[in-house]
Amino acid sequence: MEVVILNSAEEVGSTVADHVESLAASKPEAVLGFATGSSPLPVYQELARRVRNGLDLSHLQGFALDEYVGLDYGHPESYHSVIEREVIEPLKLKPELIHVPAGAADDLDVSGHEYEAAIMSAGGVDLQILGIGADGHIGFNEPTSSFASRTRVKTLTKHTREANARFFSSLDEVPTHCLTQGLGTILDARKLVLVAFGESKAEAVAAAVEGPVTAICPASALQLHRFATVVIDRAAASKLRLREYYEYIVANKPR
Ligand code: GLP
């Protein structure tokens, strides 16, 4: 796994935006995987700035990782709304090319299968952007999620509901379930880029990068991927034992 340690959220945003821009340059209709949460926002903000300056991302296709179950898509905190507000509009993407799991569908098993089929028929995800929960979850794959899992309903942990309560007016309003891409779905993406900031993510990042590959830390699944990059700030890197080695590798990359 490549670990890139940077000084600020802006630098992280700009580094990951470079990955997206070069992908779009070589394959304008590439498939991007979008994460929600606050971590990828600097990436989206930097891409939006470049789009205002003329970058064209309008042919990109996209798939969000997850959606709450039991929330109207029009609710401001549904991931349908978040993706529209933070990604589709600022990046000037075509709404019909961007997909979010149908968490309000009547039959969630069917919508999970349909989501997998839609990803397949788009040709698979070229670049998946990921955040990480303080408990090591990616997407909404909570601890003990199967590494082979596909898009399905998951029960949110108390920890995740409490962490996400900041987006709602009370904890009771936070949905209890979600529809999320599985770890198997995520591992099928051709490239993974995980972003994280701050001390509160340091333990999860260390467990994901240097700990055992274990379902108790879903992000440790990244160790099984050939092209996984972790782009983090110094605070999120603070519990990595081999911090200096990662910096040395990046500084001495063969050209
Ligand atoms: C949510 C999302 C994840 C996200 C995680 C961390 O639960 N489903 O995709 O990575 O929280 O969020 P944040 O980046 O806001 O800390």
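Refer to the structure presented above.
A brief structural summary. Owing to the predicted nature of the structure, the values given are computational and were not obtained by experimental measurement.

**Quick word on the overall build of the protein**
Summing up its helical and strand segments, the protein has eight helices and 10 strands in all. Against the 2.2 N^0.38 benchmark of 18 Å for 255 residues, the protein shows a C-alpha radius of gyration of 17 Å, consistent with a compact globule. The dimensions of the protein, computed from C-alpha atoms along their principal axes, are 55 × 40 × 35 Å. Per-residue burial for the protein yields a buried fraction of 53% across its 255 residues. Expressed as a percentage of contacts within the protein between residues at least 6 apart in sequence, the contacts between residues at least 24 apart total 78%.

**Looking at unusual backbone geometry**
Even without being a glycine, K92 presents a positive backbone phi close to 50 degrees. Along the chain, K92 turns up in the loop between α3 (79–88) and β5 (98–99). With relative accessibility at 52%, the residue K92 sits in the exposed group. Positive phi values are uncommon outside glycine, yet T144 reaches one of about 85 degrees. Residue placement: T144 occurs in the loop between β6 (127–130) and β7 (152–155). Overall, the relative accessible area of 56% leaves T144 in the exposed class.

**Details of a negative patch on the surface**
The grouping of D106, D107, D109 and E114 at the surface amounts to a negative patch. On the secondary structure map, D106 appears in the loop between β5 and α4 (108–121).

**So, the nonpolar core**
Counting 76 residues, the largest nonpolar core has L57, L93, L194, I232 and L240 as its most contacted members. No other element matches helix α1 (residues 9–26), which puts six residues into this core. Not counting chain neighbours up to four residues away, the residues in contact with L194 comprise L130, G131, I132, I138, A219, L222, T229, V230 and V231.

**Side note on the sheet that holds β6**
Overall, parallel pairing links the seven strands, which are arranged β1-β10-β9-β6-β2-β3-β5 in an open sheet. Pairing within the sheet leaves two strands with one partner each, and these edge strands are β1 (2–6) and β5. In this structure, strand β2 (residues 31–34) lies alongside strand β3 (residues 61–64), joined through four bridges in parallel fashion. When the sheet's bridge partners are listed, F34 is paired in β3 with A64. Sitting on the sheet, α1 touches β1, β2, β6, β9 (192–196) and β10 (228–233), and the angle it makes with β10 is about 150 degrees.

Conventions and cut-offs
For every chain, the first residue of its written sequence is number 1, and the numbers climb from 1 along that sequence. Restriction of local features to residues with pLDDT of at least 70 applies here, the model being predicted, together with a cutoff of 80 or more for giving and counting side-chain atom pairs; totals for whole chains, interfaces and linings are based on all residues. Side-chain numbers come from the whole structure's heavy atoms, not from hydrogens or water. For helices the rule is a DSSP run of H or I covering at least 4 residues; for strands it is a run of E covering at least 2, with both sets numbered from the N terminus onward. Throughout, the radius of gyration refers to the C-alpha atoms, and the reference size of a globule is 2.2 Å times the residue count to the power 0.38. Relative accessibility decides the category of a residue: with a 1.4 Å probe and only protein chains considered, values under 20% of the type maximum give buried, values over 50% give exposed, and everything between is partly exposed. Residue contacts are counted whenever heavy atoms from the two residues lie within 4.5 Å of one another. Note on patches: the residues involved have over 30% relative accessible area and no salt bridge, like charges join within 9 Å, and the nonpolar side chains Val, Leu, Ile, Met, Phe, Trp and Tyr join within 5 Å. Accessible surface area values rest on a Shrake-Rupley calculation with a 1.4 Å probe, where residue burial reflects the displayed protein chains alone. Within this document, salt bridges are pairs made up of a side-chain nitrogen of Lys or Arg and a carboxyl oxygen of Asp or Glu, the two lying within 4 Å of each other. Note that His is not counted, nor are the chain ends; the positive residues are Lys and Arg, and the negative ones are Asp and Glu. To locate a charge, the coordinates of NZ of Lys, CZ of Arg, CG of Asp or CD of Glu are taken. For our purposes a nonpolar core is just a set of buried Ala, Val, Leu, Ile, Met, Phe, Trp, Tyr and Cys residues, chained together by side-chain atoms within 4.5 Å. At least two bridges found by DSSP between two strands is the condition for calling them paired. Axis definition: a line fitted to C-alpha atoms, over the contacting stretch in the case of helices. Angles run 0 to 180 degrees between N-to-C directions.

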